[in-house]
Amino acid sequence: MYAHSGLTCWLRLPSSRGISLSLVQRPGLKAPATKSFKSPSKDLNVPIVQNITLSDAQYKKTQEYLLSLNEEQHKAALCSSPAVRVKAGPGSGKTRVVTARVAHLLSQGISSSGILVITFTNKASEELKERLGHLLGTNVAKDISTGTFHSVCARILRSYIEDLPGAKLKSDFTIFDRDDSDKVMRQVVDSFMGDTPAKEANKLAKEIVSAYSQMRNQHASLHDVKITSSHLDSCNSAAGLATKFRNLPNFFSEYTRLCRESNGLDFDDLLGVTVALLQKVPQAREELQQRWRHILVDEFQDTNSAQYHLVKLISPSSVSNGSVFVVGDPDQAIYEWRGANPENMENQFELDFKGCETMFLNCNYRSFAPILGAAEGVLSHGGMPKLHQPLMAVREGLGHVEHVHVEHEREEAGWVTSQIRQLKSKEGSKYEDIAVLYRTNLQSRSFEESLTSARIPFRVLGEKPFWQRSEIKDMTCYLRLTSNPSVDVVALNAIINTPSRGLGAKTLEKLQNVAEAQGVNLAQLLMGDMRKIPLLDKQTLEPLLAEVEMTKLLPDRTCDLLPDIGSTLSKEHQLKLNKEAIKGLKQLRALVLLARSTAYHRTVAGTVKVLELASGYRQSVEEGSQGDNAPKKLRNLDILHSVAGDPDSWASRDGDLRNTAKGFSSQDLISASGGTGRGLAEVEMLDGEERPLQSEPSPGMNSTAGGGVSGLGQLPWFLQHVSLMRELDELKDNAEAQQRVSLMTLHTSKGLEFRNVFFVGFEDGIVPLIRGQDEGARNLDEEKRLAYVGITRAMDRLYILTATKRSILGIPSQRKPATPSRYLKRLLLTGAGIKSTSTSSGQFSLHNNNDNDDNDNSPFRGRAKKEPSSRQGVRTVTSVGSAVKPGGFYDTRKENATITGTRGTGVSKGTTNFPIGTANVKKKASNGW
DNA sequence: GGGTTCGTAGTTTTT
DNA sequence: CTACGAACCC
Ligand SMILES: Nc1ncnc2c1ncn2[C@@H]1O[C@H](COP(=O)(O)OP(=O)(O)OP(=O)(O)O)[C@@H](O)[C@H]1O
């Protein structure tokens, strides 16, 4: 055992898997008092000095990992400057350096809660933690703060937002997704321009939301700054709207007002409000600077203004021994469209962080040289980026780069499918090492179909985010209502009549009118008394829950437990509400009470279950006319429930940052109380595996300040997890389920790597993407970088696909002639000896445009290349997707192909036919086609 | 108030 | 082509 002595640590209670921490239990802590979380009583914060010990194996692993770095990497990882910037190309080991640095810091005795790593996606965070877990043990790794900017901000705000003067938000705020924002803005549009037709109003609302979002991304904290015309002008979309609507800023401020009224923050608010908080509340800033002594940011080239400011604000610059460490690659900047500014990496960092040290990594460990060559070729189109540093391929061998030209999108999918089969059978590739990359999500369709009929397992990354699926969205609205019954109007509106309970448009209008007359919103009117109504006690609750589970219905008698507000309102205001409506209201209110009580006495998972059953939602999905969708939806609901049942994955790991700022984690107390509770003789009627959460002594209060001790206080954390995690359904299934081909957009592929990459739809208009009448000359550099990112995902083999004609929507009759991408020429030229084949008898030529001229915007639908007449009657492959037979069409390709490169042996130079157009393969009359 | 049928728009990338 | 929304009918 290697002991690091003199290390100050704070009390930690044992976690399920932990073993290597020796614990000193402080007396008097077994039954933590709820209230002490917000303002910690002194005795909770007594430091415990103890030794963190890494096991031999862990220590050895860490050292080995550090030794595996090359000199540049090693130097970067260990650099002790207060500000470090690592600029390095794809595959140069940036991620590895970040991991190594964290490991190094920890092995130096830095406390894990003092480290913050910001990654671009949540998945990257998880992977980082996993790797660190392997090196250092889960115990040490789990306390490192990691996450995206958004999730880190959400955590900061949960602890500090109530300190921000005028924020009008509670720490149990909900996070509004884009749909919520659109709905809120729709309300604003209605109130300002009442007579706008529904459709137009929706469209306008969306436009305004995105303009506002763009503006806030470009300007760090606009949420409370007076919006000037220069703000508007700096943002295209906003400027356009502003000329149409002179009072655009009023739309923005009314939107914000409504969000606040519902205790909601949208995605951009998470960043903007955090920035404002840190600017205005020095105490918060200082505490966080104290806490996170070492900050690491991955993919720094894609940070926007608000994110950059955030880094600046929490940087422990004033703290001795602190550091800020950012890594990125300006050539891989692909998020300018949503406000990212590569300048942050390129120049700004250097200016703001005095004494910043810059490191370069110039070796590529990922790809064979020809792949790198192809990538650099693309990048050189129209001139290399100014500060581009050439990369050296470390891996020896040539790999395989091939350009394949096909007739249309269907054949494209067919070719890829058949090639995947060959890779699997002849080259021994695993499905998980194969990826299909495309520019737009729509393009995935043909591949899904083709792979399905070939029975090749695949997964589509980045389909609809989990939280956006309607059934999940609805359930989260129920949960939001449970958490914030009298506040979250948006949630209330979403589910008030879903499933239908007699509260249709007519009734709602009546109620809305009453609300307006009283100067309140619908939630206040219908749920205003909810916080005052005492929660059900256990004796009342348990039998009700049992009944819910048995009957899958809300027990009627629950309705009698609270005032019948429907009848009262109806009488007082002569609304003439019908019986259905009154009953519906009763039920909804009873449901909320039941759910709140369940959350309080039981668990989040139990609450999810109650809501899903007693609302009748589940039943309506089961019986509804959803047809094929029903099983999928039910599965999603099950996933939601099972995630809820795994608080370890979502409960605040940092607990209340106020306390943990000094190293103490309230989450430990939660697990502790959960742990002790497990032994209690409590019957879990709704879910056997659930563990009861600690209950508060005085029911009836909405625990916001408590920071997540009662089940009710946990809800916001769970909701936050759900609304920030794109792919919750990626349950770590058995190993077999992992063996799948990956389909994703170029954007999603950032940071990943695959042995075999199919880059499909490499055509002008798609790569680069040019839509219809593009607003003038959009800067296409970002599109070029996107292609660069895609190509550099490949380790061993890269296939570039182009088609003669293509229909984006997959309708054969709507196929339009396509032209190979303007980037193709340089891709092929630079990667010497690239094989190029064509499966159709059609000729194609690289279009002859000037390299330096991106203005030749030939969209793929324009500029028809002459259609080769020879194709007449060849009437190719119509059902490529299904069985591609060995020895059939696609296999014959090989015979005629000029080169057959394989991994390691590679492509020999000089044998390629250039120009490519001549490298056709004659199509043999193949059986089966 | 609820369910059906018809019409139309979507064609960028995402926390 | 499909998915979603808005009339339209019961
Ligand atoms: N020193 C090294 N020795 C061996 N392999 C390495 C080394 N450094 C990096 N690699 C390997 O190179 C590949 C790319 O590394 P990594 O993902 O860290 O690169 P990156 O710079 O983050 O790439 P990108 O910018 O494309 O995301 C990984 O498979 C990694 O294991």
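Residues numbered from 1 in each chain as written. Chains lettered and ligands numbered in written order. Predicted model: local features only at pLDDT ≥ 70, side-chain atom pairs only at ≥ 80, totals over all residues. Heavy atoms only, no water.

Looking at an unreviewed UniProt entry, one finds chain A named DNA 3'-5' helicase, with Chlamydomonas eustigma as its source organism. According to the UniProt record, the Sequence similarities (unreviewed entry) comment for chain A reads "Belongs to the helicase family. UvrD subfamily." (UniProt positions renumbered as here; feature names shortened; annotations may be inferred.)

(A) Representation of the overall build of chain A. Counting its secondary structure elements, chain A contains 37 helices and 23 strands. Counting over 929 residues, chain A shows a buried share of 59%. Residue pairs at least 24 apart in sequence account for 80% of intrachain contacts in chain A once pairs closer than 6 positions are excluded. Approximately 38,100 Å² of chain A is accessible, and the part contributed by carbon and sulfur atoms is 51%. (Helix = DSSP H or I, 4+ residues; strand = E, 2+ residues; numbered from the N terminus. Buried < 20%, exposed > 50% of the residue type's maximum accessible area, 1.4 Å probe, protein only. Contact = heavy atoms within 4.5 Å. Areas by Shrake-Rupley, 256 points an atom, 1.4 Å probe, with all protein chains shown as cover.)

(B) Quick peek at the protein's contact with DNA strand B. Around DNA strand B, 24 residues are found, and the nearest of them are Arg439, Asn441, Lys506, Thr507 and Arg771. Backbone sugar and phosphate groups make up 53% of those atoms of DNA strand B lying within 4 Å of the protein. Here Gly502 contributes a backbone N or O atom positioned 3.3 Å from a phosphate oxygen of DNA strand B. For the surface near DNA strand B, the elements supplying multiple residues, two or more each, are α21 (505-517) and α34 (746-749). For the surface near DNA strand B, the element with the highest residue contribution is α21, accounting for 3 residues. Class assignment for the residues of the surface near DNA strand B results in 6 nonpolar, 13 polar and 5 charged. (Near = heavy atom within 4 Å. Polar contact = N/O pair within 3.5 Å; in protein donor to acceptor, adjacent residues only side chain to side chain. Nonpolar A, V, L, I, M, F, W, Y, C, P; charged D, E, K, R; others polar.)

(C) Local environment of helix α32 (residues 711-724). Its 14 residues give α32 an end-to-end C-alpha distance of 20 Å, which sits within 8% of 20 Å, the value for a rise of 1.5 Å per residue. Here α32 lies mainly inside the structure; 14 of its 14 residues are buried. (Expected span 1.5 Å × (residues − 1).)

(D) A look at the site of the ligand. Taken together, 18 residues sit near the ligand, with Gln73, Lys94, Thr95, Arg366 and Glu753 positioned nearest. Here an oxygen atom of the ligand sits 3.1 Å away from a polar atom, N or O, in the side chain of Arg96. Side-chain polar atom of Glu753 to an oxygen atom of the ligand: 2.5 Å apart, as the coordinates give it. Against a free-state accessible area of 630 Å², the protein chains account for coverage of 82% of the ligand. Split into classes, the residues belonging to the shell around the ligand amount to 3 nonpolar, 10 polar and 5 charged. Per-domain counts for the shell around the ligand show at least three residues from each of domain 1 (52-167 + 271-361) and domain 3 (371-465 + 731-838). (Domains from an automatic or database assignment.)

(E) Spotlight on the protein's contact with DNA strand C. Residues in contact with DNA strand C, as listed here, are Ala198, Asn202, Arg445 and Ile811. Its residues placed into classes, the surface near DNA strand C shows 2 nonpolar, 1 polar and 1 charged.

(F) Spatial organisation of the nonpolar core. Grouped together as the largest cluster of nonpolar side chains are 73 residues, with contacts concentrated most on Leu492, Leu511, Leu526, Leu594 and Phe718. Considering each element in turn, this core owes the most residues, 12 residues, to helix α25 (residues 579-601). In contact with Leu526, not counting residues within four places along its chain, are Leu492, Ile496, Leu511, Ile565, Leu569, Leu585 and Arg589. Counting 44 residues, the second largest nonpolar core, distinct from the first, contains Phe149, Val275, Leu288 and Val326. (Core = buried A, V, L, I, M, F, W, Y, C linked by side-chain atoms within 4.5 Å.)

(G) Main features of the environment of Phe447. Structurally, the position occupied by Phe447 is in helix α18 (residues 444-453). On the basis of relative accessible area, Phe447 is assigned to the buried category, the value being 1%. If we skip the residues at most four places from it in the chain, Phe447 touches Glu412, Ala413, Val416, Val436, Leu743 and Val760.

(H) Molecular detail of the pattern of salt bridges. In this structure the tally under the stated criterion is 35 salt bridges. We note a salt bridge from Arg366 to Glu753, for which the minimum N-O separation is 2.6 Å. Taken as a pair, Arg366 in the loop between β13 (363-364) and α16 (369-380) and Glu753 in the loop between α34 and β19 (754-759) lie far apart in primary sequence, 387 residues in all. Relative accessible area serves as the criterion here: at 9%, Arg366 is assigned to the buried category. (Salt bridge = Lys/Arg side-chain N within 4 Å of Asp/Glu carboxyl O.)

(I) Structural view of the domain arrangement of chain A. We note that the domain assignment places domain 1 (52-167 + 271-361), domain 2 (174-262), domain 3 (371-465 + 731-838) and domain 4 (468-561 + 572-652) within chain A. Taking the mean C-alpha position of each, domain 1 and domain 4 sit 40 Å from one another.

(J) The arrangement of the packing of helix α14 (residues 305-314) against helix α15 (residues 343-352) in detail. Two elements in contact, α14 and α15, have axes separated by 12 Å at closest approach and are oriented at 30°. Taken as axis vectors, α14 and α15 run roughly parallel relative to one another. Both α14 and α15 take part in a crossing whose hand is right-handed. Residues Ser305, Tyr308 and Lys312 of α14 pack against Asn344, Gln348, Phe349 and Asp352 of α15. (Axes fitted to C-alpha atoms, helices over the stretch in contact; angles between N-to-C directions. Parallel < 35°, antiparallel > 145°, perpendicular 65-115°, else oblique. Left-handed = near helix turned anticlockwise from the far one by under 90°.)

(K) Geometry of the state of the cysteines. Following the criterion strictly, the structure yields 0 disulfides and no others. Of all cysteine sulfurs, the one in Cys259 lies closest to Cys153, which takes part in no disulfide; the gap is 17 Å. Classification of Cys153 as buried rests on a relative accessible area of 0%. In this structure Cys356 is not part of a disulfide, and its nearest cysteine sulfur, from Cys79, lies 9.2 Å away. Owing to a relative accessible area of 17%, Cys356 belongs among the buried residues under this scheme. (Disulfide = S-S within 2.5 Å.)

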